[in-house]
Amino acid sequence: MTIQHPYLQNLFADIQKRNANEPEFLQAVAEVFSSLEVVAYKRPDLLEAGIFDRIVEPERMISFRVAWVDDANTVRVNRGYRVQFNSALGPYKGGIRFHPSVNASIIKFLGFEQIFKNSLTGLLLGGGKGGADFDPKGKSDGEVMRFCQAFMTELARHIGAHTDVPAGDIGVGAREIGFLFGQYKRLQNEFTGVLTGKGLTYGGSLVRKEATGYGLCYFVQEMLASKGTSLAGKRVVISGSGNVAIYAAEKATALGACVIALSDSSGYIVDPKGVNLAVIKEIKEVRRGRISEYTQYVPHAEYHPGFGIWNVPCDVALPCATQNELHGEDAAVLVKNGCIAVAEGANMPCTPEAVDIFHENGILFAPGKASNAGGVATSGLEMAQNASFLSWSFEEVDCRLQQIMKNIYKNCRKAAEDYGCGDNLVAGANIAGFLKVAEAMLAQGVF
Ligand code: NDP
Ligand code: 2IT
């Protein structure tokens, strides 16, 4: 990935110096900048207004101590973060991740991507992200609750329904959102839509749980339709077995595909008859177990330890676990095995080398900021319902989600065409997402 535009090249060199210890953030900026060169040539006004210089610097980033007491009465300390990256389009919006790998680089890459993703939804949402290097695995419900309460005790002063609205991400699901919401309400004495992904009894939206995975499949359907085909009858491999993976599998199956493999960070299962989602939900959502347990329920399935899931031959690959989980070598294997489409359910799961291989080989490729935007879009719909004190039916929310995913696909294709990038959806997503934010920043003056 090279940046040739002289202004962007100099700026990127400066960004590398200033953020030398943040490889994931630099990776995300490099990808966006290489797509935006065509914009920089056409729009000198954006360079003059310092839009590129400003968009890579968070409006605000906080890092804070989270101290809590575990079940053995030992004091534990984690580091919490919230990056409030860009508020040109609306209140900061983006998930919270609890995973031991969380650091400033990961939070900044996720927050940066979120700016463009949220812009693509067409809703009024700024970009933000947060998290902590806390590992919920193996913790009791009481420990998770005390951690969430400690985390929110600091975060509460920085967020609000019109300021910054967090949601879930890796390691943060319905249980954690409940504890976080309860603590916010207790501290502020205010019942507002300050978080999304809430339970249905206290302001959550129907379809939010399913939204990222369903939206991913709606996007894939658009992409496949452009080649006169669909998910029906396709073999699909999905990495991960968390929120995004499970509901991508559910929708792909409903649309006639056969989902033959799923994974977690320990290994992957292959079920040539199509994964049994009731079993997966029981293991992952109810018992919080490991994917290896699948073979106890479904003896004809195989379990393989390790990261080899991309060796399973498939027509469509949906990486739905984490960043940089699909490398150049994996992409080459997918191509060799006849895969026709790859769509990112996770954020930045494919390395730049992998994306190049997909493009060079004519594989349909959807970047996460477009194809996984259904989650945050439905969070936006949850905010709209909360603001109006109404709850919409499952069908109404799902119908809006489908329309949003169709629009994102159409707008990415159009932006790519308008700027001479053919049908490259990476370029289209970056250009379409960026232009709307850039116009809003121009209008709002320098800050
Ligand atoms: P979950 O915590 O529900 O599930 C994460 C899954 O990915 C688990 O199966 C987990 O396995 C696996 N995983 C996590 N980290 C690693 C790792 N380092 N190596 C291998 N596997 C790993 O998270 P979500 O499903 O919510 O999120 C998945 C991805 O989708 C993330 O990239 C997230 O940013 C993105 N995303 C999520 C949205 C949402 O609405 N939730 C919206 C848009 C994007 P294990 O249990 O072994 O850790
Ligand atoms: O990466 C993402 O878009 C999310 N984790 C969802 C964010 C949200 O605010 O719903």
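Bear in mind that the values here come from a model prediction, so they are computed numbers and not experimental data.

A word on the environment of Lys117
Alright, step 1. Tracing the backbone shows Lys117 in helix H5 (residues 104-120).
Alright, step 2. Note on Lys117: relative accessible area 5%, which makes it buried.
Alright, step 3. Considering only alpha carbons, one finds Lys117 and Ala373, 256 residues apart in sequence, at a separation of 6.0 Å.
Alright, step 4. Excluding its chain neighbours within four sequence positions, the residues that come into contact with Lys117 are Asn347, Gly368, Lys369, Asn372, Ala373 and Val376.

Overview of the site of ligand 1
Alright, step 1. Around ligand 1, the structure places 26 residues, and the nearest of them are Asp169, Thr212, Ser265, Arg290 and Asn347.
Alright, step 2. In this structure, Asp169 approaches ligand 1 through a side-chain N or O atom, which is 2.7 Å from an oxygen atom.
Alright, step 3. At a separation of 2.4 Å, an oxygen atom of ligand 1 approaches a polar side-chain atom of Ser265.
Alright, step 4. Expressed as a share of its isolated accessible area of 890 Å², the protein-covered part of ligand 1 is 85%.
Alright, step 5. At the level of secondary structure, the elements contributing two or more residues to the shell around ligand 1 comprise helix H8 (208-225) and helix H9 (243-254).
Alright, step 6. Across the shell around ligand 1, the residue classes tally to six nonpolar, 13 polar and seven charged.

Some details on the sheet that holds strand S3 (residues 92-98)
Alright, step 1. Taken together, the five strands give an open sheet; going across it, the order is S1-S2-S4-S3-S5, and neighbouring strands pair in mixed fashion. Sheet topology places strand S1 (60-69) and strand S5 (164-167) at the edges, where each strand pairs with a single neighbour. Along the sheet, successive strands turn relative to each other by an average axial angle of 20°, direction set aside.
Alright, step 2. Here S3 pairs with strand S4 (residues 127-132) via three bridges, running parallel. Pairing of Ile96 across the sheet is with Gly130, part of S4.
Alright, step 3. In the packing of H5 onto the sheet, contacts are made with S1, strand S2 (75-86), S3 and S4, and the angle to S4 comes to roughly 150°.

Observations regarding the site of ligand 2
Alright, step 1. Around ligand 2 sit 14 residues in total, of which Lys93, Lys117, Asp169, Arg208 and Ser379 are the nearest.
Alright, step 2. One of the backbone nitrogen or oxygen atoms of Gly168 is found 3.1 Å away from a nitrogen atom of ligand 2.
Alright, step 3. Between Arg208 and ligand 2, the recorded distance is 3.0 Å, taken from a side-chain N or O atom to an oxygen atom.
Alright, step 4. Expressed as a share of its isolated accessible area of 300 Å², the protein-covered part of ligand 2 is 93%.

Brief notes about the pattern of salt bridges
Side-chain pairing between opposite charges can occur once the charged atoms of the two side chains come close.
Alright, step 1. Enumeration over the complete set of coordinates arrives at 23 salt bridges.
Alright, step 2. The partner of Arg175 in a salt bridge is Asp141, and the shortest N-O contact between them spans 2.7 Å. Pair noted here: Arg175 is in helix H7 (residues 174-188) and Asp141 is in helix H6 (residues 141-155), with a separation of 34 residues, a long-range link.
Alright, step 3. Residue class for Asp141 comes out partly exposed when judged on its relative accessible area of 48%.
Alright, step 4. The closest approach of N and O atoms between Asp264 and Arg290, which form a salt bridge, is 3.4 Å.

What about helix H2 (residues 23-42)?
Alright, step 1. Helix length check: H2 (20 residues) gives 29 Å between terminal C-alpha atoms against 28 Å at 1.5 Å per residue, within 8%.
Alright, step 2. Taking the largest bend as the criterion, H2 deviates by roughly 45°, centred on Leu36.
Alright, step 3. Of all 20 residues in H2, 15 are buried; the element is thus mostly enclosed.

Reading the values: rules and limits
- Residue numbers restart at each chain and count upward from 1, following the sequence in its written direction.
- Both sets of labels track the order of writing: A upward for chains, 1 upward for ligands.
- Per-residue local features of the predicted model are confined to residues with pLDDT of at least 70, and side-chain atom pairs are confined, for both listing and counting, to 80 or more; whole-chain, interface and lining totals are unaffected and use all residues.
- The basis for every side-chain value is the complete set of heavy atoms in the structure, and neither hydrogens nor water enter the calculation.
- Elements are defined by DSSP. Helices are runs of H or I of four residues or more, strands are runs of E of two residues or more, and each kind is numbered from the N terminus.
- Note on exposure labels: buried denotes an accessible area under 20% of the residue type's maximum, exposed denotes more than 50%, and partly exposed covers the range between, all computed with a 1.4 Å probe on protein chains only.
- The criterion used for residue contact is that any of the two residues' heavy atoms lie within 4.5 Å.
- Definition of nearness: a residue and a molecule or strand are near each other if at least one heavy atom of the residue lies within 4 Å of the molecule or strand.
- Any pair of N or O atoms that falls within 3.5 Å is considered a polar contact. Within protein, one atom must be able to donate a hydrogen and the other to accept it, and sequence-neighbouring residues count only if both atoms are side-chain atoms.
- Per-residue accessibility takes into account occlusion by the displayed protein chains alone, with areas from the Shrake-Rupley method and a 1.4 Å probe.
- As a working rule, the residues Ala, Val, Leu, Ile, Met, Phe, Trp, Tyr, Cys and Pro are called nonpolar, Asp, Glu, Lys and Arg charged, and the rest polar, with Gly in that last group.
- Two strands are said to pair when DSSP picks up at least two bridges between them.
- Here an axis means a line fitted to C-alpha atoms, over the contact stretch when the element is a helix, while the angle between two N-to-C directions is reported on a 0 to 180 degree scale.
- Each reported salt bridge corresponds to a side-chain nitrogen of Lys or Arg within 4 Å of a carboxyl oxygen of Asp or Glu.
- A helix's residues, less one, multiplied by 1.5 Å, set its expected span.
- A residue's bend is the angle separating two fitted axes: one through the seven residues that end there, the other through the seven that start there.

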